[in-house]
Amino acid sequence: MLQEESDLSLIIAQIVQKLKGSNLYAQLERQAWASLQRPEIKLESLKEDIKEYFKVSGWEKKLQNAVYSELNVYPLPSHPAAPPEHLKEPLVYMRKAQGSWEKRILKSLNSMCTELSIPLARKRPVGEQKELLNKWNEMGTDEPDLSLFRPVYAPKDFLEVLINLRNPNYENGDSLSFRTHLGLIQVPLKVKDIPELKECFAELGLNTGQLGIDDSTQVPPVLAEQDSAAAQQYIRQGSPTALRAELWALILNISSQPEDILYYEQLKMNVIQHDLLVDSLIYKDVKLTASNDDYYFVFEDYLYQVLLCFSRDTSVLGHFAYNSASPPKSYIRGKLGLEEYAVFYPPNGVIPFHGFSMYVAPLCFLYHEPYKLYQIFREMYVRFFFRLHSISSHPSGIVSLCLLFETLLQTYLPQLFYHLREIGAQPLRISFKWMVRAFSGYLATDQLLLLWDRILGYNSLEILAVLAAAVFAFRAVNLMEVTSLAAAEAVLADLSTLKVMPLLQIFLFATVT
């Protein structure tokens, strides 16, 4: 009991500290001072009167939403004596694996620099700055020669790293239950079984109305009340299309203030003034993915704007406090290893990979002002998407998702699992790319947004693994007839006609016991 109270005190203190540096804190302070002029505020009951004023004026709700938002991303409390790296990742072998993977990414980036004789960063000449500013809203028409650039890595490279992950403590004394896992992921992490998933995703039950299937579901007054927690609970059953943009912004605690717009403009000017090597990687990625997608090619300009600004945003560095990854550093020429000459590169600490732009593309359907689109994407990234390309033991981390997917298939569709394994078509080799991109680019956009509703509603990415398993279950009859990996991939090549909610419901609540 004492430990729980101590944990709670620590969390409260850290959230208070975080909020003290926010715009909201400054606004609350201004409101408190301004309220002193109001006739209902009496000196003898000052504290209670100001509290009541905050409640009536709606500022209390804004503070509650901010605290709730922090709790949603806050790492689970660890032992007080645990070193700070435990907040990032408690398992040593996971931290080491992530560190090795980062070195490989940096080696790939540095060798590209050397081969192409291109600096990591340079100041743009004035003429180039003017030209970029003039074509800011039509960057998609620009056709720079990117033939020499290649993605730093692709999801399949990352999968090979995850397949080779091992817990050294299990090398010689594997527990029997773990030895029976015949999938590609060979690390002993606890993942949910179907009964636990049913409990976790209870609102997806067959007797519960789902938006996307049953659009007559009543919309409670969550938007009028501006309550993040209530909106998050509501969206577990999906969002009405017309309200989705507002609901997501409320859940992510994003209310665009003048200073947010100004901050976005500052990031934009940073893009105009400085050219980074990662800019070419972003251009290349958009050209290879979203520009060739029937749903997203029209948003090419938005994608450049958002991703180029994102690469310059140092506020993104804050998420490395609870991310197993660490931001890469670059040193001023000739000063390698001297920390006072080190800078994070890129400034946000995130090196884009093949398919990265697909995290932004679906959001373009919902938000049409670049600054708002930017804010939503940044918050989605630091809450969820970073977990899909970093090595960790977190339940929403990609390692756990892979293990959950394989365990569900092996346990509940054993014949299919063994058949695919025997013909050299391990299911994870097919589903990995879906999960790494949160199904973006694979599902029809309306279905993808229904899936992302649930990611926000449950504050978890585990639904991705469940859907991946459900897709295999849905196509099981065809898959039982294939005799090679290529044939299995052909059966699952097009997911654009799938309906997400019936698939999830049937897999969790109807066909499996």
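Going by what an unreviewed UniProt entry lists, the protein is known as TBC1 domain family member 19 and is assigned to Marmota monax.

Caption draft 1: Expanded view of the overall build of the protein. Helices and strands together make up the secondary structure of the protein, namely 25 helices and 4 strands. Taking all 513 residues of the protein together, the buried fraction comes to 50%. Within the structure as shown, the protein displays about 24300 Å² of accessible surface, and the carbon and sulfur contribution to it stands at 56%.

Caption draft 2: View of helix 14 (residues 258–273). Between its first and last C-alpha, helix 14 extends 23 Å over 16 residues, near the 22 Å set by a 1.5 Å rise per residue. Among the residues making up helix 14, those that are buried are Asp260, Tyr264, Leu267, Lys268, Val271 and Ile272. Around the axis of helix 14, the buried residues are gathered within 150 degrees of arc, so they sit on the same side. Facing away from the buried side of helix 14, by more than 90 degrees, are the exposed residues Pro258 and Leu262. The inward-facing, buried residues of helix 14 abut helix 2 (23–35), helix 7 (126–134), strand 2 (274–276), helix 16 (300–312) and helix 17 (370–383).

Caption draft 3: Spotlight on the side chain of aspartate 293. By secondary structure assignment, the location of aspartate 293 is in the loop between helix 15 (277–288) and helix 16. No salt bridge is formed by the buried aspartate 293. Its closest oppositely charged neighbour is arginine 437, at 5.7 Å. In this structure the side chain of aspartate 293 is engaged in a polar contact, spanning 2.8 Å, whose partner is the backbone nitrogen of tyrosine 295. With residues near it in sequence (within four places) discarded, aspartate 293 still touches Met358 and Gly441.

Caption draft 4: Inspection of the layout of surface pockets at higher detail. When its volume is computed, the largest pocket comes out at roughly 1600 Å³. Among the secondary structure elements, those contributing two or more residues to the lining of the largest pocket are helix 1 (2–20), helix 2, helix 4 (59–73), helix 11 (222–225), helix 13 (244–251), helix 14 and helix 17. Here the residues of the lining of the largest pocket sort into 21 nonpolar, 17 polar and 10 charged.

Caption draft 5: Summary view of the side chain of glutamine 305. As for its placement among the helices and strands, glutamine 305 is situated in helix 16. A distance of 3.2 Å separates a polar atom in the side chain of glutamine 305 from a polar atom in the side chain of asparagine 137. Among residues more than four places away in sequence, those in contact with glutamine 305 are Trp136, Asn137, Met139, Tyr264 and Pro370.

Caption draft 6: Spatial organisation of unusual backbone geometry. Residue proline 346 follows tyrosine 345 across a cis peptide bond; omega there is -10 degrees. Mapped onto the fold, proline 346 is located in the loop between strand 4 (342–344) and helix 17. With phi around 50 degrees, serine 117 is a residue other than glycine that occupies positive phi space. On the secondary structure map, serine 117 appears in the loop between helix 6 (92–116) and strand 1 (121–123). A residue is classified by how much of its surface remains accessible, and serine 117, at 65% relative accessible area, is exposed. Here the phi dihedral of phenylalanine 439 falls at roughly 70 degrees; this positive angle occurs in a residue that is not glycine.

Caption draft 7: Examining the environment of histidine 394 more closely. Note that histidine 394 resides in the loop between helix 17 and helix 18 (398–412). Sequence spacing of histidine 394 and leucine 189 is 205 residues, and the spatial spacing of their C-alpha atoms is 9.2 Å. Setting aside anything within four residues of it in sequence, one finds histidine 394 in contact with Glu89, Arg387 and Ser400.

Caption draft 8: Examining the pattern of salt bridges more closely. In this structure the tally under the stated criterion is 17 salt bridges. Between glutamate 196 and lysine 190 there is a salt bridge, and its shortest N-O distance comes to 3.3 Å. Residue classification places lysine 190 among the exposed positions, given a relative accessible area of 67%. One network of salt bridges, in which partners are shared, links Arg122, Arg124, Glu128, Asp275, Asp279 and Arg312.

Caption draft 9: Just a nonpolar patch on the surface, in detail. Together, Trp33, Leu36 and Leu46 make up an exposed nonpolar region whose accessible area comes to about 310 Å². Positionally, leucine 46 belongs in helix 3 (residues 46–57). The class for leucine 46 is partly exposed, based on a relative accessible area of 32%.

Caption draft 10: Layout of helix 20 (residues 427–436). The element helix 20 is largely enclosed, with a buried count of 8 among its 10 residues. Burial in helix 20 covers these residues: Pro427, Leu428, Ile430, Ser431, Phe432, Trp434, Met435 and Val436. Contacts made by the buried residues of helix 20 are with helix 8 (155–163), helix 18, helix 19 (414–422), helix 22 (462–474) and helix 24 (485–491). Residue alanine 438 follows helix 20 closely and has a positive phi angle near 50 degrees.

Caption draft 11: Molecular detail of the packing of aromatic side chains. By the definition in use, this model includes 28 aromatic pairs. Arranged with centres 5.8 Å apart and planes meeting at 50 degrees, the rings of tyrosine 264 and tyrosine 374 form a pair that is tilted. With tyrosine 264 in helix 14 and tyrosine 374 in helix 17, the pair connects residues that are 110 residues apart, well separated along the chain. Taken together, a centroid distance of 6.4 Å and an interplanar angle of 90 degrees make the contact between phenylalanine 356 and phenylalanine 377 edge-to-face. Placement of the pair is phenylalanine 356 in the loop between strand 4 and helix 17 and phenylalanine 377 in helix 17, with a sequence separation of 21 residues. We note that phenylalanine 356, like phenylalanine 377, is buried.

Caption draft 12: Up close: the packing of helix 20 against helix 22. Put simply, helix 20 and helix 22 touch, their axes get as near as 10 Å, and they point 135 degrees apart. As judged from the angle between their axes, helix 20 and helix 22 are oblique. Crossing hand, helix 20 versus helix 22: right-handed. Contacts between helix 20 and helix 22 involve Pro427, Ile430, Ser431, Trp434 and Met435 on the former and, on the latter, Leu464, Ala465, Ala468, Val471 and Phe472.

What counts and what doesn't
Residues numbered from 1 in each chain as written. Predicted model: local features only at pLDDT ≥ 70, side-chain atom pairs only at ≥ 80, totals over all residues. Heavy atoms only, no water. Helix = DSSP H or I, 4+ residues; strand = E, 2+ residues; numbered from the N terminus. Buried < 20%, exposed > 50% of the residue type's maximum accessible area, 1.4 Å probe, protein only. Areas by Shrake-Rupley, 256 points an atom, 1.4 Å probe, with all protein chains shown as cover. Expected span 1.5 Å × (residues − 1). Arc of directions from axis to C-beta. Contact = heavy atoms within 4.5 Å. Lys, Arg positive; Asp, Glu negative; His and termini not counted. Salt bridge = Lys/Arg side-chain N within 4 Å of Asp/Glu carboxyl O. Polar contact = N/O pair within 3.5 Å; in protein donor to acceptor, adjacent residues only side chain to side chain. 1 Å grid on protein atoms, 1.4 Å probe; cavity = no way out; pocket = protein on both sides within 12 Å on 5 of 7 lines; lining within 4 Å. Points joined across faces, edges and corners; volume = space filled by probe spheres on them. Nonpolar A, V, L, I, M, F, W, Y, C, P; charged D, E, K, R; others polar. Patch = residues over 30% accessible without salt bridge, like charges linked within 9 Å, V, L, I, M, F, W, Y side chains within 5 Å. Phe/Tyr/Trp six-rings, centres within 6.5 Å; stacked < 30°, edge-to-face > 60°. Axes fitted to C-alpha atoms, helices over the stretch in contact; angles between N-to-C directions. Parallel < 35°, antiparallel > 145°, perpendicular 65-115°, else oblique. Left-handed = near helix turned anticlockwise from the far one by under 90°.

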